[in-house]
Amino acid sequence: MKQRIAHIALVVKDYDEAIRFYTEKLKFRLIEDTHLSEDKRWVIVAPQGANECSILLAKAADDQQTAAIGNQTGGRVFLFLFTDDCRRDYNNMLAENVRFIREPKEEAYGLVAVFEDLYGNLWDLLQPNENNKGALQGER
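The paragraphs below set out a description of the structure included in this document. Because the structure is predicted, anything quoted here is derived from the model rather than measured.

1. Details of helix H1 (residues 15–25)
The set of residues buried in H1 consists of Tyr15, Ala18, Ile19, Phe21 and Tyr22. For H1, the angular spread of the buried residues around the axis is 160 degrees, confining them to a single face. One side-chain oxygen of the residue at the start of H1 lies 3.0 Å from the amide nitrogen of Asp16, identifying that residue as Asp14.

This is the structure we're talking about:
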């Protein structure tokens, strides 16, 4: 059996501001933006070079969903963006005014920095070390 996670839903306030953040500040690709109704769109973004998993930007539709914006995991790191060069991406993201909670730091598993998306969700920017290099290619 072969299975994979195709998309992860990220609740957002506004489609267009979320698209701008992910495509302009993080340099993600806009894969799809299909209007389904007056209020609903199917918006998919993904990091450069990503083939397996992408993010579905889902506009909050009610009070419960609105309350989850920016805190989808109760304050824990929500998503993990693997990179082949943490310092390069850290500097590029700083130049785009992305807010970092923690500068790059060497950990047992690699070089990692923590940043916030436009709503406050926490992300790890992670460059796996030699012991975990297969994780970058999805070989864990």
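2. Observations regarding the side chain of Asp124
Inspection of the secondary structure puts Asp124 in strand E8 (residues 122–128). Buried and without a salt bridge, Asp124 has Arg102 as its closest oppositely charged side chain, separated by 5.9 Å. Aside from chain neighbours lying at most four places away, what touches Asp124 is Val77, Leu79, Phe80, Leu81, Val112, Ala113 and Val114.

3. A closer look at the layout of surface pockets
Taken as a whole, the second largest pocket encloses approximately 170 Å³ of empty space. Elements supplying a minimum of two residues to the lining of the second largest pocket: strand E3 (41–46) and strand E4 (54–59). If you tally residues by element for the lining of the second largest pocket, the top one is E4, at 4 residues. Grouping the constituent residues of the lining of the second largest pocket by class yields 8 nonpolar, 1 polar and 4 charged.

4. Looking at the sheet that holds strand E5 (residues 77–82)
Two strands in a sheet stick together by hydrogen bonds in their backbones, pointing the same way (parallel) or opposite ways (antiparallel). Strand order in the open sheet formed by 4 strands is E5-E8-E7-E6, with mixed pairing between adjacent strands. Looking at the sheet topology across the chains shown, the edges are occupied by E5 and strand E6 (100–107). Adjacent strand axes in the sheet meet at a mean angle of 20 degrees, parallel and antiparallel pairs treated alike. Of the strand pairs in this sheet, E6 and strand E7 (residues 110–116) are connected by 5 bridges, and their pairing is antiparallel. Bridging across to E7, Lys105 finds its partner in Val112. Taken strand by strand, helix H3 (residues 86–95) contacts E6, E7 and E8, and its axis lies near 170 degrees from that of E6.

What counts as what
Residues numbered from 1 in each chain as written. Predicted model: local features only at pLDDT ≥ 70, side-chain atom pairs only at ≥ 80, totals over all residues. Heavy atoms only, no water. Buried < 20%, exposed > 50% of the residue type's maximum accessible area, 1.4 Å probe, protein only. Helix = DSSP H or I, 4+ residues; strand = E, 2+ residues; numbered from the N terminus. Arc of directions from axis to C-beta. Polar contact = N/O pair within 3.5 Å; in protein donor to acceptor, adjacent residues only side chain to side chain. Lys, Arg positive; Asp, Glu negative; His and termini not counted. Salt bridge = Lys/Arg side-chain N within 4 Å of Asp/Glu carboxyl O. Contact = heavy atoms within 4.5 Å. 1 Å grid on protein atoms, 1.4 Å probe; cavity = no way out; pocket = protein on both sides within 12 Å on 5 of 7 lines; lining within 4 Å. Points joined across faces, edges and corners; volume = space filled by probe spheres on them. Nonpolar A, V, L, I, M, F, W, Y, C, P; charged D, E, K, R; others polar. Pairing = 2+ DSSP bridges. Axes fitted to C-alpha atoms, helices over the stretch in contact; angles between N-to-C directions.

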